[in-house]
Every structure is written in structure tokens, then in C-alpha cells.
Amino acid sequence: MRKLYKETMLIFWRSRNLVVPYLVVLAIFSLYTAFRFVQYMEFHNIFMTMRWLVIPCVFLIASFIYFGYELAIKMYENNMAEYFKAYRRGLRQAYGAIILCLSTLAAIPAMMFLLFMLFFYYYINVEYYPFLVHLVKVSLLYFGLSFIAGVMSGTAMAAKLKSNRLAVYSLTVLFMLLNTTFTSSLFYQLSYSLLNSYPLEKVLFGIKDFFTLVPHQLGSNFAIDPIYGLPLEPIRWILAVFWIIFPLTLIMGECFGRKGKQAFTASACLILVFAVGLFAFRGSTLIMDLRNDSHPYSDMLYYQDRPEADYRGYQAGFDINNYDMDLTVSNELHAIVKVAVDDPDLDRYDFTLYRGYKLDRVRTENGAIPFKREGDYISIGSLKGADYIIFEYHGKSPKYYANRQAITLPGYFAYYPKAGRTNIFDVVQNSYVINLSPNESRYEVKVHSDLEVFCNLPGSNNTFSGKTNGLSLFAGMYDEIADNIYAEPMRRDLPQKQAIREAEQILHDAFKRLERPEPEALKHLAGKKLFQVPGNFTLNSSIDDTVIMSDHITAVYCANGTQVATIIMQSIIKPPSTVYRLEYEYLSYLFKQKDMTDPLLKKPVDPKQLLQEIDEWQSLNEKHSKITKKILKNMNEREKQLLRSEKKRAWELRMSLQETVSLYLFYQSPRKAENFRIFYDYYTSGSTQDLWELVKSIIGEEIKDDQSS
């Protein structure tokens, strides 16, 4: 075997069509790695560098498919396969030598990448051991097993397809396309623009995922969550092993007689069925692409297509006194949650539980009870004297994931049953809804996971207990980086406790100026635990920036006190309109974030002209809203030209008005202190009054007062 291995290696090095491409690939890979390292020194973004290092991996895998095929096919093209078949175990040894030879060649770039990752780790000096383990796993999966899978696939195609290069190279190109974002865009367009079929999308993306050795989301524009890192879920290891073993059985089938061939073909079929079965139950994985059930789009599209009743102001009629939770986080969340309500004599109980969690059973201590599930809501009848209700469920959320790699379950998300009915997603605001109990409940929580779980409640060994109005759980590449501050240690924008103290003081001063009572939840902010959450939480959601709970805070950004205070105030005022720019300007003036030396702020605004411009903008808007497709079609070119110029004028007015209105009301107006209060009351009262009518009434009153005085 050793002799055969040496001879095969010599064949490789003497074959110009193999050795030249191999050396070119190694040279390009080395230069590319050096380039990315230089880029890291400029931007200091660890995960961006890692992502760009891994993306070309698919080309390396394709290269090893080529090397595997072209080396193995020489046996058939030179009639050596017949020669080896003449000897007992001869063909098996020949294939073994080829695979061993190519594995040795694949180990060189894999080792180069691993050594670079180790150097990279010590260079950035993050000193976080789980991150080092993550880098080693990435090297082993993406640059170790994936390359071997390429070798095995190429060799198997030589064994099965022989000299049919057109088929071999077509399959290789198809494999490469399935591992890129090109097919994501193609499948999305094919499913919706052409056929408008969600099931077709699931099938196409399912096929794509099964062939994906390099995660396709690495080529997207979405940032990698540091708590999650590069995808390393169990299904990715299973698929990598499958793409090694499955081709191996096909190769072995060629080495035996008819019965042996049938046995290996049957084994290959069984392995394929087993892998597909495991793939179908892969559970919670982080998907960041265009598909319907991805992190960025899943819930937004779901709730847009299925508008729900508005449950703001809904009264549950009961509170939950105690939660006893037994949570198992494996490929997804499995939960047994026992709740005790404060009133066990009601005829009906409604709970909110995110739709992605499939309810297996609802029971009391006396046995199973009937329940009704409608999307995010569970309804059950009388408890018939029972003291508590037990929910058994399992499932996942595309955004708030929980698997063997990471856990992000914030307390304001209904991943466990919450009393009453609350909307999960606000379609109008295009954002998730904060779902917190008005009162604190008592929690006893046990989390079964291989990960170290961090919780807002005190405890150890993944067991926690205490009182809160929302239970938050985080795990992955996550740690307590300072006293009561939890974050991903590799992030550049790590939270600072001082920022919370500054925000507390800024908010205190702001409410004093507003002459409005400061909400109880905002007091003693600095004493609460702070959990920094992934930046991708804000995709299609504005509520995740900062959420204040009774004993802890979750925040995406926490760079300085003013920023934190602004985000917290945004979560309080909840503007009912869509004039977001005016809300932004309001907070900028409230928290004195404007550059007061800017000469534009000194330019006086004429309130009468302001009113005229608002009237003109409203008039144009009203006029344009009445123009239907039919009216537009019957317009002549002159009328269409006039319409276009009017729309341009309306757009310009809208842009300028939001700035000039805020400049006048909150900076130049003699009644600016009162204006701040009026807007605060408007934003927090849930008023349905049109915001521009409010602005007109304030300015009109000021003009009237000036004229009378």
C-alpha cells in the first residue's frame, strides 16, 4: 500500500494538468489570506474577516473534486482499472492510495488555514477560550472535512461516470452554484416572481441546503452574530460526514463483484435516507438569506400576510404567580412549563406562545385537558379544581434561536406561555411587540444544555430562581465581561456600565424638564443587569434596541449615555404615526444631540410660512391620493409632466418640513419647553390625532398669541 501511495503521489506531481492547478490554488489561497489579514488590520472586524476567508472555500472544494476526478480517471483512461481488478483487493488498494494521496494534498491548505486561525487568535489578543475552540472547529469543518468531501465526490464520479467529463463538470458547477447566493436569488425569484409558490421555495431551498457545505448566508450582506459565530450546528457536521461516506460506498461498490456492488448500493441508499431524515429534523438553525423562513423576513412576511386582531389593551383577567420551567435546548427548544395562576376559578384562560413552538400537550396535575391553538394563542377552559397548568411544547423561532450553538431568548419574547393575548408583531410599526407581564412572577428554571447559560435571575449550573417580569436566557460565545454586564467578548462595541449611569441621569433630567413623572422602570437603571444582544436583532424590528425589564436590560448598543437614553426614550414614546424623522428630531433636541454652533440652527424660521408649506404639502398629498391608475392612463403628456413636478414638490416639502418644524418648535419657539411636553403627551397617550394637525394647532396658537400681545 505504501508503494502504491508513493506511486500515486508521483503520478499527481508528474501530471501537469493536476500539479499546476494545485500550486496555483495554493498560491491564490495564500495571497488571499494575506490580503484579508491586511484588511483586518485596517477595519479590526474579526467576523467580517472570518467570513471573507471562508467564502472562497467552495472554490477549494470544487478544486478537490477536480483533482479527485482527474487523478482517479487515469485508471480508466489507461486501462489500469482492468489491471487492478485482476488482483484480489487490487482495485480497492488503488482507490485507497488515490484517496490517501489527495487527502494528504488537501491537508496542506487545511493546515495553513488552521495555523492562520491560531495566529489570528493570538494576534487579536481576545483571550476568550470558546472563541479559540470555535476557530478550530471552523478549520476542521470548512477546511478539513469539506475538502475530504470534495476529494471523495470527485473520485466517486470517476468510478461511476468514467470518462463522461461533461456530466462531471456540470455536476461540479451545479454544486458550486448551490453553495453560493446566486441560487438563493434564483430560487427566490423562481418561487415568487414566476410561480408565487411558498411550498416550491421550501423544496428548492431544502435541496440547496442539503448540498451546502459552505453556509450560503456567508455570502449575504447580513453581519455575523458574534454570539453565534459561523454556523457549526450538528446538521453541518452530519452533512459533511455524509458527503464523505456516501461517495465512499459508491466507490467501494466498484471494487467488488455483482453481490458486493448490490450490497454497497443498498448501503448508499440507506445512508442517503438516514441523512435526509436527520436533515428534515435539523431544528433551529440560523438562516440569513432571502427565503420566507429566514431570520430577517420570516415573521415580518408571516404577520403581513395574516393580519391579527389588535390586542393592545387586552385584559387577561388573571396573573401568573409562579413559573416552574424545565427547558432542554438540543437541536431546538423542548419545554415543560408549569404555571400557577392567581385565580384558578375562571371558566377560560388565554395564553400567548409564539407560533413556532408546537404544543404537544396541556395538562394539570389531574391529567390532560383540552385546549385550542390559534396561531400564537392558546385557550383552555376551567381548571376543575387544579392548582396549576402544564404546557409541553417544542419548536423554534428564526430570530430568537435556541440550539446547541447559541441561545438568544429575551424575556420580552413569548417563548414561554404568557398570560392573555398579546400581538407578537406590529405590522404597522413593522416591529416586534414587547411582551412583558405588568407584575413580577416567581420563576424556578432548569436549562438542560451543553452550553453555559446566562440568565437575569440568580443561580448556577444552568439552574435559576427568583422574581422578574421577563426571563431572559443567553448562551454561546457569551460571557460576563464585567460585574452584571454580559456580552459577546469579541465585539468591538462592548457595553459600558458608565453609559447606563449617564443615561439614568440624562433621563432623570429630561423628565424633570418635561415636568412629567419618570416611569418606575427607568429608576435605578444602573443597578440592573445588562445583556448586550446581537446587532441583527434590529433587522425589521426597532424595539430590540433597548428593552427595560424589572431586573435587567437588553440592549444592542450601549456606547454612551446619550445614545442609551435616546433609545430608551424611543421605547417609551411609541409614536403612533409614521413620521419617524420628526420623532428623531424631537429626541435630538430633547437630549441636546444637535450641534448648537451649526449656523443653520440660527436661521430664523417664519411660522406663518411654515403653516403655508404644511397646507401646500397636505393639499398636494390629498390631490395625488385621488389619482387612480385609470385617471393616470387618461392624462395627456402635459398633465403627467405637471403631476411629476407636483410629486417632486411634495417630496421636497415633506423632507424640509420635518426639519424646519422641529427646528422651530423645539429650538426657536418661545414656547419650546411646553412644546416638548405636548409632544411627549401625544406620543405616550396613544392619541390617534394626525401629527401634522397637532403641529398646525401648536403653531397657530403661537401666531394668535403673538398677534394678541
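Here's what I pulled together on the structure shown here. Because the structure is predicted, anything quoted here is derived from the model rather than measured.

Basis of the calculations
- Residues numbered from 1 in each chain as written.
- Predicted model: local features only at pLDDT ≥ 70, side-chain atom pairs only at ≥ 80, totals over all residues.
- Heavy atoms only, no water.
- Helix = DSSP H or I, 4+ residues; strand = E, 2+ residues; numbered from the N terminus.
- Buried < 20%, exposed > 50% of the residue type's maximum accessible area, 1.4 Å probe, protein only.
- Contact = heavy atoms within 4.5 Å.
- Areas by Shrake-Rupley, 256 points an atom, 1.4 Å probe, with all protein chains shown as cover.
- Lys, Arg positive; Asp, Glu negative; His and termini not counted.
- Charge placed at Lys NZ, Arg CZ, Asp CG, Glu CD.
- Pairing = 2+ DSSP bridges.
- Salt bridge = Lys/Arg side-chain N within 4 Å of Asp/Glu carboxyl O.
- Expected span 1.5 Å × (residues − 1).
- Bend = angle between axes of the 7 residues up to and from the residue.
- Polar contact = N/O pair within 3.5 Å; in protein donor to acceptor, adjacent residues only side chain to side chain.
- Core = buried A, V, L, I, M, F, W, Y, C linked by side-chain atoms within 4.5 Å.
- Phe/Tyr/Trp six-rings, centres within 6.5 Å; stacked < 30°, edge-to-face > 60°.
- Lys NZ or Arg CZ within 6 Å of the ring centre and 35° of its normal.
- Patch = residues over 30% accessible without salt bridge, like charges linked within 9 Å, V, L, I, M, F, W, Y side chains within 5 Å.

## Quick look at the overall build of the chain
Scanning the chain from N- to C-terminus turns up 22 helices and 22 strands. On the principal axes, the C-alpha backbone points of the chain span a range of 110 × 75 × 55 Å. The burial tally for the chain puts 51% of its 709 residues in the buried class. Contacts in the chain between residues at least 24 apart in sequence constitute 72% of all its contacts with a sequence separation of at least 6. Only carbon and sulfur atoms are counted for the fraction: they give 57% of the accessible area of the chain, which is about 33,300 Å². Across the chain, the centroid of the 77 positively charged side chains sits 11 Å from that of the 73 negatively charged ones.

## With respect to the sheet that holds strand β14 (residues 454-455)
Taking strand neighbours across the sheet as the criterion, the 3 strands line up as β9-β17-β14 in an open arrangement whose pairing is antiparallel. In the strand order of this sheet, the two ends are held by β9 (407-409) and β14, each with one partner. Here β14 pairs with strand β17 (residues 473-475) via 2 bridges, running antiparallel. Across the sheet, Phe454 pairs through a bridge with Phe474, a residue of β17.

## Observations concerning the pattern of salt bridges
One pass over the structure, following the stated rule, counts 31 salt bridges. Between Arg165 and Glu70 there is a salt bridge, and its shortest N-O distance comes to 2.9 Å. Of this pair, Arg165 sits in helix α8 (residues 165-178) while Glu70 sits in helix α4 (residues 57-77), placing them 95 residues apart in sequence. Exposure remark for Glu70: the relative accessible area of 4% places this residue in the buried category. The partner of Arg291 in a salt bridge is Asp209, with the nearest N and O atoms 2.8 Å apart.

## Quick look at helix α20 (residues 637-668)
Compared with the 46 Å implied by 1.5 Å per residue over 32 residues, the 44 Å span of α20 between its first and last C-alpha is a close match. At Leu657, α20 is bent by approximately 30°, the largest bend along its length. For α20, the side-chain oxygen to backbone nitrogen distance between the N-cap and Arg638 is 3.1 Å, and the N-cap itself is Asn636.

## Some words on the sheet that holds strand β7 (residues 377-380)
Strand order in the open sheet formed by 4 strands is β6-β7-β3-β10, and the pairing between neighbours is antiparallel. Every interior strand has two partners, whereas the edge strands, β6 (371-374) and β10 (418-419), have only one. The sheet contact formed by β6 and β7 spans 4 bridges and is antiparallel. Counted as the bridge partner of Glu374 is Tyr377 from β7.

## Side note on the environment of Ala499
Tracing the sequence through the fold places Ala499 in helix α14 (residues 497-514). Taking the C-alpha atoms as reference, Ala499 lies 8.5 Å from Gln563; in sequence the two are 64 residues apart. What Ala499 contacts, discounting residues up to four positions off in sequence, is Cys558, Ala559, Asn560, Gly561 and Val564.

## Description of the nonpolar core
One finds Phe12, Ile46, Met50, Phe120, Phe131, Phe143 and Phe147 to be the most contacted residues of the largest nonpolar core, which totals 84 residues. Per-element accounting of this core gives the leading share, 17 residues, to helix α6 (residues 90-124). Setting aside residues no more than four positions away along its own chain, Met50 makes contact with Phe120, Phe131, His134, Leu135, Val138 and Leu230. In terms of nonpolar packing, the next biggest core, distinct from the first, is built from 69 residues, Ala335, Ile369, Ala402 and Phe537 among them.

## So, the environment of Pro489
As for its position among the elements, Pro489 is in the loop between β19 (485-487) and α14. A sequence separation of 33 residues divides Pro489 from Leu522, and the C-alpha atoms of the two residues are 27 Å apart. The contacts of Pro489, once residues within four sequence positions are left out, are Val126, Tyr128, Met477, Tyr478, Asp479, Ile481 and Leu494.

## Description of the packing of aromatic side chains
Overall, the coordinates contain 71 aromatic pairs when judged by the stated rule. Between Tyr400 and Phe413, the aromatic rings sit 4.4 Å apart at their centres with planes inclined by 35°, giving tilted as the arrangement. Within this pair, whereas Tyr400 is found in the loop between β8 (389-395) and β9, its partner Phe413 is found in the loop between β9 and β10, the two being separated by 13 residues in sequence. Summarising the burial analysis for this pair, Tyr400 and Phe413 share the class buried. An aromatic cluster of three or more residues is present, and its members are Phe12, Trp13, Tyr22, Phe29, Phe64, Tyr66, Phe67, Tyr69, Phe113, Phe143, Phe147 and Tyr169. One residue, Arg282, lies across the ring of Phe279, its end atom 4.1 Å from the ring centre. Geometry around Tyr302 places Arg355 over its ring, the cationic atom sitting 3.6 Å from the centre.

## Observations concerning a nonpolar patch on the surface
A surface patch of nonpolar side chains, about 480 Å² in accessible area, is lined by Met111, Leu115, Leu118, Tyr122 and Val136. At 4 residues, the largest contribution of residues to the nonpolar patch is made by α6. With respect to the helices and strands, the residue Tyr122 is situated in helix α6. Under the relative-accessibility criterion, Tyr122 is labelled exposed at 60%.

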